[in-house]
Amino acid sequence: MYPYFHDDVAPFTMSDSLCSFAPFPKALLNKGIRPSALLVYVALLDRATLSQKNRWCNGQGWIYVNYSVPHLSLDLGMGESTIRELLRVLEDQELIFRTYPLAGEVSEIYLRVPVTSLKREKIYQTPLEIQRVWESVPPLRKPGAPPLETWRQTN
């Protein structure tokens, strides 16, 4: 009756409910972002939900993720150079920004999510309100940039 299924997959039926799954903001569909970059973003966002539960945040309440390139590479089945390239794509799209720690340490990755994907009491509706939210976001940091603490002290 059903086509052949492997032992690890089954038909999704009316009586089934899903276990764990990774969050994906629908607002990012059709934005011209490479699908492989979106997969990395989803993995980071999934890890960020765990960071949120563990209360891993900076002094401003921003959730951060410690997810090394080798671990991302292993988890997603992609090469490390590909992961680095996709992280740069996400930085260029301003969906993430990273700190650049000392050698041997893992960078903190901060995620940005579409405002329409957040469940908050207030939705930022006017362009001025949205602009104020984005202005409060720390700038993207590149290698050689001053530490993130410098930005925090000046703002």
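Here is what the cut-offs are and how they apply
Residues numbered from 1 in each chain as written. Predicted model: local features only at pLDDT ≥ 70, side-chain atom pairs only at ≥ 80, totals over all residues. Heavy atoms only, no water. Core = buried A, V, L, I, M, F, W, Y, C linked by side-chain atoms within 4.5 Å. Buried < 20%, exposed > 50% of the residue type's maximum accessible area, 1.4 Å probe, protein only. Helix = DSSP H or I, 4+ residues; strand = E, 2+ residues; numbered from the N terminus. Contact = heavy atoms within 4.5 Å. Phe/Tyr/Trp six-rings, centres within 6.5 Å; stacked < 30°, edge-to-face > 60°. Lys NZ or Arg CZ within 6 Å of the ring centre and 35° of its normal. Axes fitted to C-alpha atoms, helices over the stretch in contact; angles between N-to-C directions. Parallel < 35°, antiparallel > 145°, perpendicular 65-115°, else oblique. Nonpolar A, V, L, I, M, F, W, Y, C, P; charged D, E, K, R; others polar.

L44 and L111 are the most contacted members of the largest nonpolar core, which has 24 residues in total. Sorting the residues of this core by element identifies α1 (35-53), α2 (69-76), α3 (80-92) and β3 (109-111) as the ones contributing at least two each. Sorting elements by how many residues they give to this core places α1 first, with eight residues. Ignoring any residue separated from it by four or fewer positions in sequence, one finds L44 in contact with V65, Y67, L72, L87, L90, I96, I109 and L111.

With that settled, consider the packing of aromatic side chains. Considering all chains together, one arrives at five aromatic pairs under this definition. Plain terms: the ring middles of W56 and Y64 are 6.2 Å apart, the flat faces sit at 20° to each other, and that makes the pair stacked. Owing to a relative accessible area of 37%, W56 belongs among the partly exposed residues under this scheme. Where W62 meets F97, the ring centres are 5.6 Å apart and the plane angle is 65°; that geometry is what we call edge-to-face. Here F97 lies in strand β2 (residues 96-98) and W62 lies in the loop between α1 and β1 (64-65), a separation of 35 residues in the sequence. Counting every residue linked through ring pairs, the aromatic cluster contains W56, W62, Y64, F97 and Y110. Just above the ring of Y67 sits the side chain of R47; from NZ or CZ to the centre is 3.7 Å.

Attention now moves to the packing of α1 against α3. Running from N to C, α1 and α3 point in directions that differ by 85°, and their axes come no closer than 9 Å. The angle between α1 and α3 places the two elements in the roughly perpendicular class. Contacts between α1 and α3 involve S36, A37, V40, Y41 and L44 on the former and, on the latter, I83, L86, L87, V89 and L90. Of the residues in the contact of α1 with α3, the class split is nine nonpolar, one polar and no charged.

As a further point, take the environment of K31. Of note, K31 is situated in the segment before α1. For K31, a relative accessible area of 55% gives the class exposed. Taking the C-alpha atoms as reference points, K31 and Q93, separated by 62 residues in sequence, lie 9.8 Å from one another.

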